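Residues per chain, in single letters:
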Amino acid sequence: MNDQAIQDRSDDGIVETQAGPRSRADRILPYVFAGPAFAIYAVLVILPLGHTFLLGFYDWSGAGPMTFAGLDNYIKIFTDPITRTAIANNLIWAVLATIVPVSMALLLAVLLATHLPPGVRLFFSTVYYLPAVLALAVSAIIWGWVYNPAWGALNTFLGSIGLSGLEQPWLGDPSIALYSVFLVSSWAYFGFCLIILLAAIQNVDPSLYDAAKLDGANAWTQFWHVTIPGIRNELNFVVLYTAIEAFRVFDLIFIMTGGGPFYQTEVIATAVYREAFIEHEVGYASAIASLMTLIIATLATVALRWRERTAPENQ
Amino acid sequence: MTKMLNLAVIAAIGAAPAAALAQETTISVWDEFGAEPQRGAMENIVAHCEAQIPGLTVDRTTMQMEQMQTILTTAIQSGEGPDVFYSSPGWSTVGPLIQAGAVADLTEAYDTRGWRDRVQPWAVDYVTYNGSAWAVPYEAEIQGIFYHADILEEHGIDMPETYDDLIAAAEALQDAGYEDPIVTAARPAFVLGWLESSMLGATIPVDTLEEIVLNHGSWDNPAYHDAIARIADLYERDLVPSGVLAYSYDDMMAEFYTKSSPMVLTGSWIVANIDGNFPDLNVDYMEIPPVEGVEQRAPKAAGGGFMMSANSDKTEASLQFLDCLATPEAAQIWLAEGLSRAPVEGVDAEAANLSPLNQRVTEVVNQPLSAFNLYGVLPAEVNDATWNGIQAMWAGMMTPEELVAVKQDAWQAAIDAGEVIGQ
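Residues numbered from 1 in each chain as written. Chains lettered and ligands numbered in written order. Predicted model: local features only at pLDDT ≥ 70, side-chain atom pairs only at ≥ 80, totals over all residues. Heavy atoms only, no water.

Per an unreviewed UniProt entry, the recorded name for chain B is sn-glycerol-3-phosphate-binding periplasmic protein UgpB, and the organism is Salibaculum griseiflavum. The UniProt entry for chain B carries the following comment under Sequence similarities (unreviewed entry): "Belongs to the bacterial solute-binding protein 1 family." (UniProt positions renumbered as here; feature names shortened; annotations may be inferred.)

Chain A goes by Sugar ABC transporter permease in an unreviewed UniProt entry, where it is assigned to Salibaculum griseiflavum. Recorded under Sequence similarities (unreviewed entry), the UniProt text for chain A is reproduced unchanged: "Belongs to the binding-protein-dependent transport system permease family." Check the Subcellular location (unreviewed entry) section of the UniProt entry for chain A; it says "Cell membrane".

Moving on: the overall build of chain B. Secondary structure summary: chain B contains 20 helices and 12 strands in total. On C-alpha atoms alone, chain B measures out to a radius of gyration of 22 Å, which is about the 22 Å that the 2.2 N^0.38 rule sets for 423 residues. Expressed along its principal axes, the backbone C-alpha trace of chain B runs to roughly 65 × 55 × 35 Å. Here chain B holds 423 residues, and the buried ones make up 59% of them. Taking the contacts inside chain B whose residues are at least 6 apart along the sequence as the reference set, 79% of them involve residues at least 24 apart. Of the roughly 15,700 Å² of accessible surface on chain B, a fraction of 48% belongs to carbon and sulfur atoms. Between the mean site of the 16 positive side-chain charges and the mean site of the 62 negative ones, chain B shows a separation of 5 Å. (Helix = DSSP H or I, 4+ residues; strand = E, 2+ residues; numbered from the N terminus. Rg over C-alpha atoms; globule rule 2.2 N^0.38 Å. Buried < 20%, exposed > 50% of the residue type's maximum accessible area, 1.4 Å probe, protein only. Contact = heavy atoms within 4.5 Å. Areas by Shrake-Rupley, 256 points an atom, 1.4 Å probe, with all protein chains shown as cover. Lys, Arg positive; Asp, Glu negative; His and termini not counted. Charge placed at Lys NZ, Arg CZ, Asp CG, Glu CD.)

Further remarks concern the overall build of chain A. Looking only at helices and strands, one finds 13 helices and four strands in chain A. Here chain A has a C-alpha radius of gyration of 26 Å; the compact-globule value for 315 residues is 20 Å, and the former is much larger. Along the longest, intermediate and shortest principal axes, the C-alpha atoms of chain A span 80 × 65 × 30 Å. Burial status across chain A gives 40% buried among its 315 residues. Of the contacts formed within chain A by residues at least 6 apart in sequence, a portion of 62% connects residues at least 24 apart.

We now examine the packing of helix α19 (residues 380-394) of chain B against helix α20 (residues 400-416) of chain B. Think of two packed helices as two axes; the pair is described by the angle between the axes and how far apart they sit. Residue and element names in this part refer to chain B. Contact geometry of α19 with α20 gives a least axis separation of 9 Å together with a crossing angle of 170°. Considering the angle they form, α19 stands roughly antiparallel to α20. Facing α19, whose interface residues are E381, V382, A385, T386, G389, I390 and M393, α20 presents P400, L403, V406, K407, A410, W411 and A414. Its residues placed into classes, the contact of α19 with α20 shows 10 nonpolar, two polar and two charged. (Axes fitted to C-alpha atoms, helices over the stretch in contact; angles between N-to-C directions. Parallel < 35°, antiparallel > 145°, perpendicular 65-115°, else oblique. Nonpolar A, V, L, I, M, F, W, Y, C, P; charged D, E, K, R; others polar.)

Our next topic: the interface of chain B and chain A. Many authors give the size of an interface as the accessible area that is lost as the parts come together. Each side of the interface is counted separately: chain B has 27 residues, and chain A has 29 residues. Here chain B packs against chain A, burying approximately 2,000 Å² in sum over the two surfaces, 62% of which is carbon and sulfur. There are one salt bridge connecting chain B and chain A. Across the pair R274(A) and D384(B) runs a salt bridge, and its minimum N-O distance is 3.8 Å. Residue assignment for the side of chain B that touches chain A shows that the elements contributing at least two residues are α3 (65-77), α4 (91-99), α13 (249-257) and α19 of chain B. Take the side of chain B that touches chain A: its biggest share by element is eight residues, from α19(B). (Buried area = accessible area lost by both parts, 1.4 Å probe. Salt bridge = Lys/Arg side-chain N within 4 Å of Asp/Glu carboxyl O.)

Another point: the sheet that holds strand β12 (residues 305-308) of chain B. All names here are of chain B. On the basis of which strands lie adjacent, the open sheet formed by five strands has the order β2-β1-β3-β12-β6 and mixed pairing. Only two strands of the sheet have a single partner each, and these edge strands are β2 (56-62) and β6 (136-137). Sheet analysis places strand β1 (residues 25-31) next to strand β3 (residues 84-87), joined by two bridges and oriented parallel. Across the sheet, V29 pairs through a bridge with V84, a residue of β3. Of the strands in this sheet, β1 and β3 are in contact with α3, which crosses β3 at around 140°. Sitting on the sheet, helix α15 (residues 315-325) touches β1, β2, β3, β6 and β12, and the angle it makes with β12 is about 165°. (Pairing = 2+ DSSP bridges.)

All names here are of chain A. Per the UniProt entry, the sites bearing "transmembrane region" (unreviewed entry) are residues 28-50, 91-114, 126-146, 176-201, 238-263 and 283-304 in this numbering. Regarding residues 91-114, the helix share stands at 100% and the strand share at 0%, and the terminal C-alpha atoms are separated by 34 Å. Taken as a whole, residues 283-304 contains 100% helix and 0% strand, while its terminal C-alpha atoms sit 31 Å from one another.

Let us now look at the pattern of salt bridges. This structure, assessed with the given rule, holds 17 salt bridges over all chains. Notably, a salt bridge pairs E245(A) with R248(A), separated by 2.7 Å at the nearest N-O pair. Assessed through its relative accessible area of 26%, E245(A) is described here as partly exposed. Here D233(B) and R237(B) are joined by a salt bridge, their closest N and O atoms 2.6 Å apart. By relative accessible area, R237(B) is classed as partly exposed at 36%.

The subject of this paragraph is the domain arrangement of chain B. Residues and elements named next belong to chain B. Looking at chain B, the domain boundaries give domain 1 (2-139 + 303-346) and domain 2 (142-300 + 372-416). On a C-alpha basis, the centres of domain 1 and domain 2 stand 30 Å from each other. In this complex, domain 1 contributes 10 residues to the contact, which on the side of domain 2 involves 13 residues. Regarding the contact of domain 1 and domain 2, the summed buried area is about 940 Å², with carbon and sulfur atoms giving 55% of it. (Domains from an automatic or database assignment.)

Let us now look at the environment of N89(A). In this structure, N89(A) sits in helix α3 (residues 81-115). Every residue in contact with N89(A), bar those within four places of it in the chain, is listed here: L178(A), Y263(A), Q264(A), T265(A), E266(A) and V267(A).

A separate point is the state of the cysteines. Residue and element names in this part refer to chain B. Overall, the coordinates contain one disulfide over all chains when judged by the stated rule. A disulfide bridge connects C49 with C324, and the sulfur atoms are separated by 2.1 Å. The sign of the S-S torsion, about -90°, decides the handedness of the disulfide formed by C49 and C324: left-handed. Of the two residues, C49 is situated in helix α2 (residues 38-52) and C324 in helix α15; the sequence distance between them amounts to 275 residues. By relative accessible area, C324 is classed as buried at 5%. (Disulfide = S-S within 2.5 Å.)

So this is what it looks like as structure tokens:
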């Protein structure tokens, strides 16, 4: 048998290609192409990750000698009330982020796709996407003004319509500050979800809706049994991508509240920053960062597995 | 005209002798003076020093302080850092660098180059930890209350002389329609450190504070309980904004500059901004007035200082540059052109043609006594716990007693870890 791929003609005349034994060069070639990219990835991602994980086993201020601390830093994550608050806040944020902006985007995408002519649809989808174009730092500053307790637009508006009882220090009340920031995040993010889901809905075969109508399906039934299955992959992507992004949230919180008041808006990323650069506890910050990486890696793995299992070719 | 007068003063003082370097040497200097008026003033100081020290070239890089603090440690550790850098010399910031051996000990330079005669003693103390001096302080600051003198005058309120006077004045202003008679902020948390330091300066005798800070005493004592209770009381009486926990530093200053609030708790770094941008405001300064039995002192701080990297291989050139900075000639330029006060003896404030506010602040800075600036003397984790604790106390999530306990726990942990001054 030679090294060439062998072409056979089957009984029905179709030419079939069989893969024969590959040459050594053929086997090595993919690794040669992937090698440079992997080397860059290893230097810029894998090595720093490993180094960060190892730093978590040391007591280190960021300068000078390191003292081996065993599992102390990793154990401290679960005994330190401030870090526990940060983890809890991040979980709340992740749950809300996968529900609120995605639901809003899905609802609007359905309305835009089914009730509006293409020109109007383009206009509204552009408008809704605009906040996503703004840098989060800019959004944070603008919304900081909106929320300002003394002269912010929100309290001024509430006062002007006779609802001064609802005026709040939106970023200063520990019970609502996290949700106030989250609202900004949703405002800035849902346009991204909308664009993806709108495109997905527009790709659903219209004949499926026609068939459903012939079977007597109402709007809800069409949505649940035609639209949702038709956009399942895109919806999965949006939800899982959103969950991953939720654990990376930093800039909005850092700019709008700095994690306060009294750590009540602290999330994992801001806790890492505070421990490393304000309190000079680089070892502990590395342990928290390793935890964050583990959570994100787990979510990413789940996402990839899910996609593999639900891909049409695997059904 | 001011610049000419300034040059004349420098000529009168006489240039300090400086030795030429053995060879042409370029030193790298990182500082934060990227905006006027300090940018131009520092350029002129560098030009002055380069002229005084033949063979010296200074390669300056400017960046924001926060940015520098995040990269400085790594840069010095990797050998890519500057020879000289400007940083807050407070223990919260440089303590870990000093303990790691990344900052050069300047004690010998202080002793042999005459710096102890030139740098004001309180400022030398401020940059001295565990018996060694680590910086040439270059930004003498005070904290306290800046107030619109015309508003107080309009309402017939004299400058308060006791703590009770201050509360009475604030309540009178509240009755006159000022919703927030004293404005402060909670973001960043260290803004509350200015309130804490000022309150401690007004309510706790300095020897009691020395016993706690320098001899590792306990914060769980009646004097500190009283100070924290007064901070709680300010909020309970609505003398600070009810939404203060949402206030950023910029919000606070906006409220003060627009005269929505007649008094603000901040520091002397606002003087250059007032002189440059709000010259029509009639602003004056006072410390938080003391309670009975406590001597009036402003919490002074060296808000910044020049330090030398321990692994600089251009030691002599770097030391000569620091030596030049610590001369009255350089400090005169810094005051007259940069509107900033280096705590260096022999500077002629009158010749600098300062505004009345700047003169007042400079007078207070030059007083020999100082209260403790806690940012400068306590580890970061102790301050962080306290200032976030004040937020919690104001939010009703912590009692004053619990806050004192939180501070003491953090303090004891820092002592046990060997992270406090004097260990």
